Amino acid sequence: MPHWVQQGYDEYAKRLPRECALTLKEIIPGKRGKNSDMARIIRDEGERMISAIPNRAHIVTLDVPGKLWTTLELSEAMSRWMENGQNIALLVGGPEGLSVAAKKLAKQSWSLSNLTLPHPLVRIVAAEQLYRAWSVLHNHPYHR
């Protein structure tokens with residue numbers, strides 16, 4: 001990722017307190033070529049993604065057909081997640097999306113937009129929105 005992407009992500013990640021820490025786990029994408037077996041590539045990426053999920057984590061996919069949440073809805077979801085004390089795994093698929101297996105494991109699906117966003121922006125937008133949701137829950141002035 002370009003430096004500005006890491007810098008943007010890190011800025012929001014460091015603002016969150018330890019009990020709401022963001023941990024980024026990147027899954028190496030499969031090699032794509034003109035004659036690639038895309039079904040196999042997506043399945044393999046999904047297997048690697050699933051193996052990186054912490055035990056008993058609440059899984060949320062970031063997917064275009066997911067639910068469009070307002071900031072308040074995200075903060076309510078975050079509040080429930082924190083009350084349950086589980087790790088939350090936010091799954092973002094590769095260029096062709098998430099594997100069927102990864103989607104089946106998800107308890108929720110969140111759409112950042114009806115638009116297809118590039119992965120660098122998704123990383124920053126998701127981190128910013130999580131920080132914003134946290135700020136709503138804690139009456140922090142950032143949300144205003």
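Predicted, not measured: the structure shown is a model, and the values here were computed from it.

A.B. asks: Help me understand the packing of aromatic side chains in this model?
C.D. replies: Two aromatic rings, taken as a pair, are described by how far apart their centres are and by the angle between their planes. Counted under the stated rule, the structure contains six aromatic pairs. Ring geometry for tyrosine 12 and tyrosine 131: centres 6.3 Å apart, planes at 40°, overall tilted. Note that tyrosine 12 is positioned in helix α1 (residues 3–15) and tyrosine 131 in helix α5 (residues 119–137), a separation of 119 residues in sequence. Taken individually, tyrosine 12 and tyrosine 131 each receive the classification buried, so the pair is uniform in this respect. Between tyrosine 131 and tyrosine 142 the ring centres are 4.8 Å apart and the planes differ by 65°, which places this aromatic pair in the edge-to-face class. Of this pair, tyrosine 131 sits in helix α5 while tyrosine 142 sits in the segment after α5, and the two are 11 residues apart along the sequence. Among the aromatic residues, ring-to-ring pairing joins Tyr12, Tyr131, Trp134 and Tyr142 into one connected group.

A.B. asks: Is there a simple way to think about the nonpolar core in this case?
C.D. replies: Soluble, globular proteins show a tendency: their nonpolar side chains are buried together. Of all hydrophobic cores here, the largest spans 22 residues; its most connected members are Trp69, Leu74, Met78, Trp81, Trp110, Leu130 and Trp134. Broken down by secondary-structure element, the contributors of at least two residues to this core are α1, β1 (58–68), α3 (71–84) and α5. Examining the composition of this core, we find that eight residues originate from one element, α5, more than from any other. Once residues within four sequence positions are removed from consideration, tryptophan 81 is found in contact with His58, Val60, Trp69, Leu74, Gln86, Ile88, Gln108 and Leu130. Membership of the second largest hydrophobic core comes to nine residues, among which are Met49, Ala57, Ile59 and Leu98.

Quick notes on the rules
Per chain, residues are indexed from 1 in the order of the written sequence. Only residues with pLDDT of at least 70 are given local features in this predicted model, and only at 80 or more are side-chain atom pairs given and counted; all residues enter the totals for whole chains, interfaces and linings. Working from all heavy atoms in the structure, the side-chain values ignore hydrogens and water. Aromatic contacts are taken between Phe, Tyr and Trp rings whose centres are within 6.5 Å, Trp giving its six-membered ring; a plane angle under 30 degrees counts as stacked, one over 60 as edge-to-face, and the others as tilted. Numbering of helices and strands starts at the N terminus; helices are DSSP runs of H or I of at least 4 residues and strands are runs of E of at least 2. For each residue, the accessible area found with a 1.4 Å probe, counting protein chains only, is set against the maximum for its type, and the residue is called buried under 20%, exposed over 50%, and partly exposed in between. Grouping buried Ala, Val, Leu, Ile, Met, Phe, Trp, Tyr and Cys residues that are joined through side-chain atoms within 4.5 Å yields what is termed a nonpolar core. Contacts are assigned to residue pairs that have any heavy atoms within 4.5 Å of one another.

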